[in-house]
Amino acid sequence: MKDQKYALLTGATSGIGLELARLFARDNYQLILASRNENQLSATAALLKSEGAVEVLTIPTDLFQPGSAKELYEKVLATGIRIDVLVNDAGQGVYGRFVDNAMEDEVKIIHLNIISLVTLTKLFVKDMVERGSGKVLNVASIAGKTPGPWQAVYHGTKAFVHSFNEAVNHELKDTGVTLTSLLPGATDTDFFRVAGMESSKVVQEGELADPADVAKDGYEALMAGKDMVVSGFKNKLNVAMGNVTPDSAQAAMMDKQQRPADN
Ligand SMILES: NC(=O)c1ccc[n+]([C@@H]2O[C@H](COP(=O)([O-])OP(=O)(O)OC[C@H]3O[C@@H](n4cnc5c(N)ncnc54)[C@H](OP(=O)(O)O)[C@@H]3O)[C@@H](O)[C@H]2O)c1
């Protein structure tokens, strides 16, 4: 096991996470995948092996559940495997006006997008710092750069992810451990269906990025030890413009983009 490299990915059965898993497999990483649906995990492991992956272990995990991230860490520890790269990809949104959405749904999103991500980062990064090497990819979003009416909680969670990533990456300068934040824009995955957001303007009328391109941008930034990458030229431009636009004006623009297309 000494010369083998291991990557642990959450959310790798679909979308951006699946494309990231393919890139790790291509570079001969052994993979550990964690998400909820066991059939999807088995099917993804079989797919990645058929494409040449060396080893793919799966650990069914529901990161909505309190305690689940720590349990995942303990299960990985029990295998004796040392994680070289942690990818926190699993994330979801809730669509709708904040006053109308169920409290429980939004609390679950905060748990998945923030608490589980912080817990996994804390536990694995401590080990990485002790060893003097390791990498983390945190999948944030350009949504974290703007207030987002119709997805108020989701945008807030992604602002957290990006800010957290930058701060910890800075603290760990010169330790051999780097944290990279990936900021995709709207991407053609299951995300919008799962969030109940298919009726929104951004899905009905917008251009969605290819998850393979997004994953490639994230993977390259991660391997280069960069603190962050915004995926795609148009998104880079939007983020740059957002930096000089008042938050209230950005909220008004996001309202137009994210409201139902027939609204
Ligand atoms: N698509 C976009 O437009 C977009 C843009 C910017 C950022 N992002 C971010 O990119 C990341 C990946 O999203 P995606 O677009 O690739 O979505 P996706 O295709 O829906 O994939 C989501 C993955 O996360 C897993 N997952 C969801 N809930 C989970 C839970 N409670 N516990 C464990 N695993 C869970 C899913 O598997 P199970 O359902 O089996 O658990 C699946 O593997 C997310 O963090 C998202 O916020 C997406």
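Check the entry above for the structure.
For the structure given in this document, a descriptive report is provided here. (Residues numbered from 1 in each chain as written. Predicted model: local features only at pLDDT ≥ 70, side-chain atom pairs only at ≥ 80, totals over all residues. Heavy atoms only, no water.)

### A short note on the pairing of strand β4 (residues 85-88)
Line of reasoning, step 1. The alternating pattern of β4 places V85 and V87 on one face and L86 and N88 on the opposite face, and all of these are buried.
Line of reasoning, step 2. Sheet topology places strand β1 (residues 6-10) next to β4; four bridges connect them, and they run parallel. Directly across from L8, in β4, lies its bridge partner L86.
Line of reasoning, step 3. As paired strands, β4 and strand β5 (residues 134-139) are joined by four bridges and run parallel to one another. For L86, the partnering residue across the bridge sits in β5 and is V136. (Buried < 20%, exposed > 50% of the residue type's maximum accessible area, 1.4 Å probe, protein only. Helix = DSSP H or I, 4+ residues; strand = E, 2+ residues; numbered from the N terminus. Pairing = 2+ DSSP bridges.)

### Comments concerning helix α3 (residues 68-79)
Because each turn of an α-helix spans 3.6 residues, side chains separated by three or four positions end up pointing in the same direction.
Line of reasoning, step 1. The terminal C-alpha atoms of α3 lie 17 Å apart, and with 12 residues this matches the ideal 16 Å at 1.5 Å per residue to within 8%.
Line of reasoning, step 2. Among the residues of α3, S68, A69, L72, Y73 and V76 are the ones counted as buried. Down the axis of α3, the buried set is contained in an arc of 145°. They therefore lie on one face.
Line of reasoning, step 3. The inward-facing, buried residues of α3 contact β1, β2 (30-34) and α4 (103-131).
Line of reasoning, step 4. Positive backbone phi, at 80°, marks G80, one or two positions downstream of α3. (Expected span 1.5 Å × (residues − 1). Arc of directions from axis to C-beta. Contact = heavy atoms within 4.5 Å.)

### So, the pattern of salt bridges
Line of reasoning, step 1. Here the structure, examined in full by the defined rule, presents eight salt bridges.
Line of reasoning, step 2. E19 is the salt-bridge partner of R22, the closest N and O atoms lying 3.0 Å from each other. Taken together, the residues span about one helical turn, with R22 and E19 both in helix α1 (residues 15-26) at a distance of three residues.
Line of reasoning, step 3. We classify R22 as partly exposed; its relative accessible area is 26%.
Line of reasoning, step 4. For R259, the salt bridge is made with D255, and the minimal N-O distance between the two is 2.9 Å.
Line of reasoning, step 5. Connected through salt bridges with shared partners, the residues E19, R22 and E51 form a single ionic network. (Salt bridge = Lys/Arg side-chain N within 4 Å of Asp/Glu carboxyl O.)

Nothing here speaks to function; it is geometry throughout.
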